[in-house]
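# Architecture at a glance
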Amino acid sequence: MTSARTIVHLVRHGEVYNPEKILYGRLPGYHLSERGVAMAHAVADYLAGNDVTAIITSSLTRARETAAPLAASHGVTPQTDDRVIEADNDFEGQQPTLRTFLRPGNLRRFTDFTRPSWGEPYAYIAKRMRPAIEDAREAAHGHEAVIVSHQLPIWIARLDAEGHRLWHDPRSRRCALASVTSFTYAADELTTISYAEPAAHLISDDTASVGA
């Protein structure tokens, strides 16, 4: 008798229309760009043949819009879960430039790179993502679930699942726009983590990903 296989796909949202290159974080009203919509369709195409029975998104517009084509193709109504929302950040609403960081009111925030001191602690992100993924796995037991989230929560969830330290160089994150990080389980045991970029052909040097 074989154990039921369940897969939870962590999908990062597509490109956001953000001409001012603001760190939009949890700010409302940031929609996918035209290219971001194409990325969402690329994810839907990539997972079209998969047995997706549950779709969960953060409440942010860009996540819900990324989930829409996938939900339509599978006939699944997305559920909102803000345990998978973007990480809180003190620089939200500002341009993440050296000039911004060196302002007297901002420079004092850089006291601890391992926590980090300028936003939601990595440990808190891991603590909320872990049960969200577990609940998605249970909801799709024997099938597949998709969680549409954001770069930092997805990357922290992966580091946590693999037993790595949570603090890291942001440039090391392997979580491109509209990427799919897949957690595969045999019964309750996580057996593999894989990664794919179905929208890689849509990403270029001018692709805006400042807001994460």
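My aim in this report is to walk through the structure given alongside it, one point at a time.

## A look at the pattern of salt bridges
Tallied over the full model, the rule gives twelve salt bridges. The closest approach of N and O atoms between Arg83 and Asp81, which form a salt bridge, is 2.8 Å. Exposure remark for Asp81: the relative accessible area of 15% places this residue in the buried category. Notably, a salt bridge pairs Asp169 with Arg171, separated by 2.7 Å at the nearest N-O pair. Assessed through its relative accessible area of 32%, Asp169 is described here as partly exposed. Judged by its relative accessible area of 76%, Arg171 is exposed. Residues participating in the shared-partner salt-bridge network are Arg26, Glu120 and Arg128.

## As for helix H6 (residues 151-161)
Owing to its 3.6 residues per turn, the α-helix aligns residues three or four sequence positions apart on the same side. In terms of burial, H6 is largely enclosed, as nine of its eleven residues are buried. The secondary structure elements touched by the buried residues of H6 are strand E1 (5-12), helix H5 (122-139), strand E4 (144-149), strand E5 (180-186) and strand E6 (189-196). Where H6 ends, the next residue or the one after it, Gly163, has phi of about 75°, a positive value.

The rules we used
- Residues numbered from 1 in each chain as written.
- Predicted model: local features only at pLDDT ≥ 70, side-chain atom pairs only at ≥ 80, totals over all residues.
- Heavy atoms only, no water.
- Salt bridge = Lys/Arg side-chain N within 4 Å of Asp/Glu carboxyl O.
- Buried < 20%, exposed > 50% of the residue type's maximum accessible area, 1.4 Å probe, protein only.
- Helix = DSSP H or I, 4+ residues; strand = E, 2+ residues; numbered from the N terminus.
- Contact = heavy atoms within 4.5 Å.

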